[in-house]
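Remarks on the overall topology
Each chain, written out:
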Amino acid sequence: MADLSRTEVEQIALLARLHLEPAEIEAMGAELGAILAHFATLAAVDTTDVPAMTHATETQTLRADVVEPSLPVEDALSGLPAKARSGDLIVVPSIIPGHES
Amino acid sequence: MSAEQKLSERSVAEMLLDWEPVIGLEVHVQLATSSKAFSPSGTAFGEPPNSLTDPTVLGLPGALPAFNRHALELALRLGVATSSQIRAKSRFARKHYFYPDLPKGYQISQYDEPLCEHGHLDLIVGAELKRVRLQRIHLEEDAGKNLHAGTVSHVDLNRAGVPLVEVVSEPELTSAEEAAEFMRALHRLVRWLDISEADMEKGQLRCDANVSIRMRGEDRLGTRTELKNINSFRFVQHAVEHEIARQLRIIDAGGRIERETRLWDETLGQSAPLRSKEEANDYRYFPDPDLPPVMVDGGMMGGILKTLPELPAVRFARYQKELGLSPDDARLLVSERGLADYFDACVAAHPSQRGARNLANWMLTELLGALNAEGKSITESPMPAPTLSALVVLVENGTISGKIGKEIFEESFRTGEPPLAIVERRGVQQISDEAVLAPVVDKVIAANAKQAKDYQSGKDGLFGFFVGQVMKETQGRANPVVANDLLRKKLGR
């Protein structure tokens, strides 16, 4: 399997919201190419008569509709830096185009 | 003003002779569960921000989702009520995108194996039902809520993880009115079946619309735009109307419709593009490895089929066909299950089916009027259905006049005393006996000799005066038909 092209790496980086330096794009193209090559080996196995399996177990595991205590707000927000809090709300860059700070 | 905006409303109407709008709706309905779709946090509205989260909602490492059985039952109820094909084994998939209200970086949804497919929803259009096909109904979780705050946004995750169904229609609605009607029909149905409170002010029913236009007679669909953020019946109508006109103007000016997502702003009465094309969505769906398939067995389906009530569209047709109600009355009665059930109880208590129209009149004018005045809903009515039915019978069989009937209604509504008891206590039975009314008529004519003479010499308008006098003498109890006959006979014209 050949290396991934620059465009492909840039597209994947965009979807993952990762910033890559030009040199990193080059290196990443080679690394991802090697990973895909491994999957190509797996894909070579003939699976014509093997049904698709997405889960190891297909047992129903439904939960009863019962409310249990939620996390205390302080715990829920404990991973936030101070500047990302406004009272008990999470502060993020504006979601409205043109209003980004 | 750009050239595309110069097309007048009249020209829009003219263009619609050649161009056909095609609309498909995607409606999100919150399922009325107590806990979230995949974890046990509560779903109450209006709680303090970020107070309804848990490790699963926040997407913390190690948290494992488990699906809510009640959410599945509610979704199945909707599937059955829309005659959908139910998948015995459906699957959850991860839909990946980055947005501040989505802590996990993906939304749990369903993709190529949704719970329900190929159902239909019946819309009430005038006196008729219009059947709209549904592509699918699938399960998913809601995201959190973004609040715009100047140069930043605020996020509240209380709503994240709340169970939803997304109902997707086929693109076969052909006007803004029909789009609004689709939303009304779905709103009515999910409330009817206790699937959702569908309170639009709380965001429990939300709609996106896909709109395109094509030359009439063309089979292929035109390029569509997706309108987001249309959360009331009125908004959906305005937004779709506006979008159809916008697309017609572009075509008229020789332009092309861009495939894009637009956000409707009701205050401005216009839409604006939401995302640029470069960020065309690539959701990278794949089966969620944390969640086993959703299995639906015969026992579960049996339970749902057994408890499914008569549906609003069926009742709308029955009220017209079997009970002779007008389309307007029938539509009003099925607008809420409580109203239709109350009406059915009235009909059941009435000795004859022919009373249905009278019962509907009394219920929709007198009863609803009185309830509205007190801010009460039909289920809080102090007057039980058999009592209203008994009152209507008293009017129908001539025991009391319609006018007295209204007074009896008011008193019975207020005090709870049975109508017949009030009638007997107040002695207000209608007088239909000529032998009793004749002397009253004689007395009225004698006391108003001048008016009698005027009437006899051609002043027709005075007849009403005499009827009024007879009513006054009898405290409104005279049977108006009998009184009129006697007056005509005795006044000699």
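The next point concerns the pairing of strand β10 (residues 163-169) of chain B. Residues and elements named next belong to chain B. Among the 7 residues of β10, 7 are classified as buried, and the element is accordingly described as predominantly covered. A two-sided burial pattern is seen for β10, the buried positions comprising P163, V165, V167 and S169 on one face and L164, E166 and V168 on the other. In this sheet, β10 lies alongside strand β1 (residues 19-30) in antiparallel orientation, the contact comprising 5 bridges. By the bridge assignment, Q30 is partnered in β10 with L164. Examined bridge by bridge, strand β7 (residues 128-141) and β10 share 7 bridges and lie antiparallel to one another. Note that in β10 the partner of I137 across the bridge is V167.

A separate point is the sheet that holds strand β12 (residues 225-230) of chain B. Residue and element names in this part refer to chain B. Taken together, 9 strands build an open sheet; the order of strands is β2-β6-β7-β10-β1-β11-β12-β13-β14 and the sheet is mixed. Edge positions in the sheet fall to β2 (85-86) and β14 (270-273), since each has one partner strand and no second. Contacting β1, β6 (116-125), β7, β10, β11 (205-215) and β12, helix α4 (residues 176-192) runs over the sheet at an angle of about 110° to β6. Against the sheet, helix α7 (residues 312-321) contacts β6 and β7, and its axis sits at roughly 165° relative to β7.

Once that is clear, we can look at the interface of chain A and chain B. With 36 residues of chain A in contact, the opposing surface of chain B contributes 53 residues. Taking both partners together, chain A and chain B bury about 3,600 Å²; carbon and sulfur atoms supply 58% of that area. Together, L62(A), R63(A) and D65(A) form the three largest contributors to the area buried by chain A at its contact with chain B, with a combined 19%. Applying the counting rule to chain A against chain B returns 0 salt bridges. Counting every contact that joins chain A to chain B gives 15 residue pairs in polar contact (both at pLDDT 80 or more). Looking at the side of chain A that touches chain B, the elements with two or more residues in it are α1 (6-15), α3 (73-76) and β2 (89-93) of chain A. Considering every element that reaches the side of chain A that touches chain B, the biggest residue donor is β2(A), with 5 residues.

Let us now look at the domain arrangement of chain B. It is common to give the size of an interface as the accessible area lost on bringing the parts into contact. Domain parsing of chain B yields domain 1 (3-299), domain 2 (309-426) and domain 3 (434-491). A separation of 34 Å is found between the C-alpha centroids of domain 2 of chain B and domain 3 of chain B.

So, about helix α16 (residues 463-473) of chain B. Residue and element names in this part refer to chain B. For α16, every residue scored as buried is listed here: F463, F466, V467 and V470. The arc enclosing the buried residues of α16, seen along the axis, measures out at 100°, which places them on a common side. Against α14 (434-447), α15 (449-456) and α17 (480-491) lie the buried residues of α16. Two residues or fewer past α16, Q475 is found with a positive phi of approximately 50°.

All right, on to the side chain of Q430(B) then. All names here are of chain B. For Q430, the location among the structural elements is in the loop between α13 (419-426) and α14. For Q430, a relative accessible area of 15% translates into the label buried. At 3.0 Å, the side chain of Q430 and the backbone oxygen of G398 are in polar contact. Sequence-distant contacts of Q430, defined by excluding residues within four places in its chain, comprise G398, T399, I400, S401, R477, A478, N479 and P480.

In this section: the nonpolar core. General note: in soluble globular proteins, nonpolar side chains tend to be found buried as a group. Residues and elements named next belong to chain B. Membership of the largest hydrophobic core comes to 107 residues, with the highest contact counts inside it found for L25, F182 and F343. When residues are assigned to domains, this core turns out to be shared by domain 1 (3-299) and domain 2 (309-426), each giving three or more. Among all residues touching F343, those that are not within four sequence positions of it are Y319, L323, L325, L333, A356, L359, A360 and M363. One finds L437, L462, A478 and V482 within the second-largest nonpolar core, a separate group that totals 20 residues.

Criteria and cut-off values
Residues numbered from 1 in each chain as written. Chains lettered and ligands numbered in written order. Predicted model: local features only at pLDDT ≥ 70, side-chain atom pairs only at ≥ 80, totals over all residues. Heavy atoms only, no water. Buried < 20%, exposed > 50% of the residue type's maximum accessible area, 1.4 Å probe, protein only. Helix = DSSP H or I, 4+ residues; strand = E, 2+ residues; numbered from the N terminus. Pairing = 2+ DSSP bridges. Contact = heavy atoms within 4.5 Å. Axes fitted to C-alpha atoms, helices over the stretch in contact; angles between N-to-C directions. Buried area = accessible area lost by both parts, 1.4 Å probe. Salt bridge = Lys/Arg side-chain N within 4 Å of Asp/Glu carboxyl O. Polar contact = N/O pair within 3.5 Å; in protein donor to acceptor, adjacent residues only side chain to side chain. Domains from an automatic or database assignment. Arc of directions from axis to C-beta. Core = buried A, V, L, I, M, F, W, Y, C linked by side-chain atoms within 4.5 Å.

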